[in-house]
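Structure at a glance
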Amino acid sequence: MNIHASVPVGVLGASGYVGQELLRLLAGHPGASIAFATSESGAGERCGSIELVRIEDAPLARAEIVLSALPHGVSARHVRQARGLGRRAVDLSADFRLSPDAVYGLTEVTRPHVAAADLVANPGCYPTAALLALLPLARAGLIDQAREVVIDAASGVTGAGRTLKRDLLFGEVAEDFRAYAAGNEHRHLPELKATLARESGFTGDLVFTPHLLPIKRGILETIHVPLTRDIDRGTAEGIYQTVYANEPCVAVLHGTLPSLKDVVYRNRVAIGVATVANVRLPRLTVIAAIDNLVKGAAGQAIQNMNVMLGLPETAGLAC
Ligand SMILES: NC(=O)c1ccc[n+]([C@@H]2O[C@H](COP(=O)([O-])OP(=O)(O)OC[C@H]3O[C@@H](n4cnc5c(N)ncnc54)[C@H](OP(=O)(O)O)[C@@H]3O)[C@@H](O)[C@H]2O)c1
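Notes on the structure in this doc start here. (Residues numbered from 1 in each chain as written. Predicted model: local features only at pLDDT ≥ 70, side-chain atom pairs only at ≥ 80, totals over all residues.)

Within strand 9 (residues 149-155), five of the seven residues are buried, leaving the element largely enclosed by the surrounding structure. Bridge count between strand 9 and strand 11 (residues 206-212): seven bridges; the pairing is parallel. Looking at strand 11, one finds that A153 is bridged to P210. The pairing of strand 9 with strand 12 (residues 219-226) spans six bridges and is antiparallel. Its bridge partner lying in strand 12, A153 is registered against E221. (Buried ≥ 20, exposed ≤ 12 C-beta atoms within 10 Å, placed from the backbone. Helix = DSSP H or I, 4+ residues; strand = E, 2+ residues; numbered from the N terminus. Pairing = 2+ DSSP bridges.)

What follows covers the sheet that holds strand 2 (residues 32-37). Within the open sheet, the six strands sit side by side as 2-1-5-6-8-7. Their pairing is parallel. Unpaired on one side and paired on the other, strand 2 and strand 7 (103-104) mark the two borders of the sheet. As defined by bridge partners, strand 1 (residues 7-12) adjoins strand 5 (residues 65-68) across four bridges and the pair is classed as parallel. The residue of strand 5 that forms the bridge with L12 is S68.

Taken together, 32 residues lie around the ligand, and G16, E40, S93, G161 and R162 are the ones closest in. Elements with a contribution of two residues or more to the shell around the ligand: helix 1 (17-27) and helix 8 (294-309). Element by element, the count of residues in the shell around the ligand is highest for helix 1, at three residues. Taken together, the residues of the shell around the ligand sort by class into 13 nonpolar, 17 polar and two charged. When we break the shell around the ligand down by domain, the ones giving at least three residues each are domain 1 (7-123 + 296-309) and domain 2 (125-292). (Near = placed C-beta within 6 Å. Nonpolar A, V, L, I, M, F, W, Y, C, P; charged D, E, K, R; others polar. Domains from an automatic or database assignment.)

A separate point is helix 4 (residues 125-139). Helix length check: helix 4 (15 residues) gives 21 Å between terminal C-alpha atoms against 21 Å at 1.5 Å per residue, within 8%. Taking the largest bend as the criterion, helix 4 deviates by roughly 30°, centred on L131. Counting buried positions along helix 4 gives 13 out of 15 residues, so the element sits mostly inside the fold. Directly beyond the C-terminal end of helix 4, a positive phi value near 70° is found at G141. (Expected span 1.5 Å × (residues − 1). Bend = angle between axes of the 7 residues up to and from the residue.)

Geometry of a packed helix pair, given as the angle between the helix axes and the separation of the axes. Running from N to C, helix 4 and helix 6 (residues 188-200) cross one another at 30°; their axes reach a closest spacing of 10 Å. Accordingly, the angle class assigned to the pair helix 4 and helix 6 is roughly parallel. Taken as a pair, helix 4 and helix 6 cross one another with a handedness that is right-handed. Only H188, E191, L192, T195, L196, E199 and S200 of helix 6 make contact with helix 4, whose side of the interface consists of Y126, P127, A130, L131, L134, L135, A138 and R139. The class makeup of the residues in the contact of helix 4 with helix 6 is nine nonpolar, three polar and three charged. (Axes fitted to C-alpha atoms, helices over the stretch in contact; angles between N-to-C directions. Parallel < 35°, antiparallel > 145°, perpendicular 65-115°, else oblique. Left-handed = near helix turned anticlockwise from the far one by under 90°. Contact = placed C-beta atoms within 7 Å.)

Attention now goes to unusual backbone geometry. With phi around 50°, A181 is a residue other than glycine that occupies positive phi space. Among the structural elements, A181 can be located in the loop between strand 10 (178-179) and helix 6. By the C-beta count within 10 Å, which is 15 here, A181 ends up partly exposed. Located in the positive-phi region is N278, a residue other than glycine, with phi close to 65°. Note on placement: N278 falls in the loop between strand 14 (269-275) and strand 15 (283-290).

Position of V263 among the secondary structure elements: in the loop between strand 13 (250-252) and strand 14. With 43 residues separating them in the primary sequence, V263 and L220 have C-alpha atoms 9.9 Å apart. Dropping the residues within four chain positions of it, V263 is found in contact with G218, P258, R268, A270, A289, I290 and D291.

This next bit is on the nonpolar core. Core analysis: the largest hydrophobic core is formed by 96 residues, its most contacted members being L22, L67 and A288. In terms of residues, this core owes the most to one element, helix 4, which gives 10 residues. Mapped onto the domain boundaries, this core takes at least three residues apiece from domain 1 (7-123 + 296-309) and domain 2 (125-292). Apart from residues lying up to four places away in sequence, A288 is in contact with A129, A130, L132, A133, E221, I223, P258, V269 and I271. (Core = buried A, V, L, I, M, F, W, Y, C linked by C-beta atoms within 7 Å.)

Sheet strands pair via backbone hydrogen bonds, and the direction of the pair is either parallel or antiparallel. Reading across from one edge, 10-11-9-12-15-14-13 is the order of the seven strands in this open sheet, with mixed pairing throughout. Strands with a single pairing partner mark the edges of an open sheet, and in this sheet they are strand 10 and strand 13. Note: strand 13 against strand 14, three bridges, orientation parallel. Pairing of V252 across the sheet is with I271, part of strand 14. Each of strand 9, strand 11, strand 12, strand 13, strand 14 and strand 15 touches helix 4; the most contacted strand, strand 12, lies at about 35° to it.

It is worth spelling out the packing of helix 3 (residues 107-116) against helix 8 at this point. Two elements in contact, helix 3 and helix 8, have axes separated by 9 Å at closest approach and are oriented at 40°. Note on packing geometry: the crossing formed by helix 3 with helix 8 is right-handed. Contact residues: T107, R111, V114 and A115 in helix 3; Q300, Q303, N304, V307 and M308 in helix 8. Residue classes in the contact of helix 3 with helix 8 are distributed as four nonpolar, four polar and one charged.

Quick look at the structure:
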């Protein structure tokens, strides 16, 4: 495809945090233009050069591809409507992530399927970081499936969306730090388990606890991995380096650990490892960081869109 031809892209849910990020990225995309953008509360308002429209008025047929940043439970109906008109789609909600009707769009892992897909389910933000951190070790048979993998993850407040919620007011979150959804029942867990099993055969236990960071954006995950055998830091880094050598959106760190400033506003996951002393059985600590709104949502959706359209994979993205 000619990068100079502009592909018309429709954005559903353009007034939300993810939708706004999609508009920001599409505005700087060399091969895409915004065909329409929807908002219920902001219909009629302008967002840059785009006038927001109600979803029922969205001219779906004008888009070659539709990106949906609607809430889960709402998105599927509208994505199906676009598909019914023959439009390809990337759904950023959870509605198709466990569905056989869509290709799971963890680009680095499922790229060939994404290229051929008419409907891509963009992964969740926490799963994106955890899966890119765990899959190389799982595929190498290095994770001891008799012991739990523990994922302690912290996200900035944009991860919860833009709808007003009392416990997300500045006065509630500022200068505080807390866990939520403790008890291993977060809705990202089935997505994590299913993808690990499908892509690596790993079927061991995961214990996932998210936390709320009093910042706007960014996710940092500390992943405690039980190993089948001892490996030193250089060996572990070498595994990631080999797997991700040609991946523009994965940064494997050497001798250091990632922090949010490495990833915020970038379509990138940064991964670093530390060996674990003073334990009886071998372990590795893996730290993964992403921007929840970019590699965790809008950026990865654009990355998938680029792959689907045959555009350069990182067009419009800063990795
Ligand atoms: N936030 C993240 O970090 C993140 C990361 C990965 C995936 N996701 C997923 O991405 C999606 C969007 O997340 P978000 O954080 O951007 O949410 P959000 O800030 O709450 O935005 C939701 C958007 O959907 C629209 N909307 C809500 N209910 C609607 C309805 N019944 N009909 C039509 N439009 C409706 C809203 O429009 P109005 O408010 O203008 O009416 C808004 O534009 C969700 O499915 C979420 O799970 C979010």
